[in-house]
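Topology and contacts: notes
Listed here are the chains, written in short residue letters.
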Amino acid sequence: MRKPSLWLQTLQEADLELVRILSRTAHSSVGRLCAIGISKLGNGWVYIPLAIVILACWGLSGYKLILFACINAGVTHSLYPLLKRRYRRRRPFLIDPELSSLLATLDEHSFPSGHTMTMTAVLTPIVMLWPSFAIPAALMLLCLAWSRVATAHHYPSDVIAGGLLGFGLGYPIALGLIAIW
């Protein structure tokens, strides 16, 4: 295997150091509970109350936002496992023995963050059609990204890549759906 270049090695070390710093925010019982709870909500549970909020605010016409979000979720949820198998980046807690995983994982690969990728893709059409939801959407994404790093499951670059991929896939799909619907 080829040795990574100096700049890449420096970036990887900085990425791991950020995991160490953010994982400390989950050392207290409250921080741990928040990190685990938010991560578990990101497994799909958050989408149920999100759909209820949409229906409560939009009535039955909110089905369009929910449908577009579901389509984006399906696309990204199908794609991220392929990317993880392709890149095979080991999770931070597998690299640094001082880091501990706060909950079980489905696989040993961290890149990209499927949680962040899927949530970004889901929230993209919602914010496109409901711009006033942008701040709550951003807060949801930031909390999820923090939790994935604080649990030592992902590097910051994994959640950034997941967000970029989620938006990069979610935006054109949503744009196309909005145009034809």
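Below, the structure is looked at part by part. (Residues numbered from 1 in each chain as written. Predicted model: local features only at pLDDT ≥ 70, side-chain atom pairs only at ≥ 80, totals over all residues. Heavy atoms only, no water.)

1. Quick word on the side chain of Lys84
Within the secondary structure, Lys84 is located in helix α4 (residues 63–87). At 4.0 Å, Asp107 is the nearest oppositely charged side chain to Lys84, a buried residue that forms no salt bridge. A distance of 3.0 Å separates a polar atom in the side chain of Lys84 from the backbone oxygen of His109. Those residues within four positions of Lys84 in sequence are excluded, and the remaining contacts are Arg91, Asp107, His109, Ser110, Phe111, Pro112, Gly114 and His154. (Helix = DSSP H or I, 4+ residues; strand = E, 2+ residues; numbered from the N terminus. Buried < 20%, exposed > 50% of the residue type's maximum accessible area, 1.4 Å probe, protein only. Lys, Arg positive; Asp, Glu negative; His and termini not counted. Salt bridge = Lys/Arg side-chain N within 4 Å of Asp/Glu carboxyl O. Polar contact = N/O pair within 3.5 Å; in protein donor to acceptor, adjacent residues only side chain to side chain. Contact = heavy atoms within 4.5 Å.)

2. With respect to the environment of Gly44
One can find Gly44 in helix α2 (residues 29–45). Judged by relative accessible area, Gly44 falls into the partly exposed class, the value being 24%. For the pair formed by Gly44 and Met119, sequence separation is 75 residues and the distance between their alpha carbons is 8.9 Å.

3. Quick look at the packing of aromatic side chains
Each aromatic ring pair is specified by the distance between its two centres and by the angle formed by the two planes. Evaluated as defined, the whole model comprises 6 aromatic pairs. Taken together, a centroid distance of 5.6 Å and an interplanar angle of 70° make the contact between Phe68 and Trp181 edge-to-face. Of the two residues, Phe68 is situated in helix α4 and Trp181 in the segment after α8 (156–180); the sequence distance between them amounts to 113 residues. According to the relative accessible area criterion, Phe68 is buried, its value standing at 0%. A network of ring pairs unites the aromatic residues Trp58, Trp130 and Phe133 as a single cluster. Just above the ring of Tyr87 sits the side chain of Arg86; from NZ or CZ to the centre is 5.2 Å. Seen from the ring of Tyr155, Arg89 lies directly overhead, with NZ or CZ sitting 3.8 Å from the centre. (Phe/Tyr/Trp six-rings, centres within 6.5 Å; stacked < 30°, edge-to-face > 60°. Lys NZ or Arg CZ within 6 Å of the ring centre and 35° of its normal.)

4. Examining the packing of helix α6 (residues 114–129) against helix α7 (residues 134–150)
One can describe the packing of α6 onto α7 by two numbers: an axis separation of 10 Å at closest approach and a directional angle of 180°. It follows from the interaxial angle that α6 and α7 lie roughly antiparallel. Packed against α6, whose contacting residues are His115, Thr116, Met119, Thr120, Leu123 and Val127, the element α7 presents Ala134, Ala137, Met140, Leu141, Leu144, Ala145 and Arg148 at the interface. Here the residues of the contact of α6 with α7 sort into 9 nonpolar, 3 polar and 1 charged. (Axes fitted to C-alpha atoms, helices over the stretch in contact; angles between N-to-C directions. Parallel < 35°, antiparallel > 145°, perpendicular 65-115°, else oblique. Nonpolar A, V, L, I, M, F, W, Y, C, P; charged D, E, K, R; others polar.)

Read these as geometric descriptors, not functional statements.
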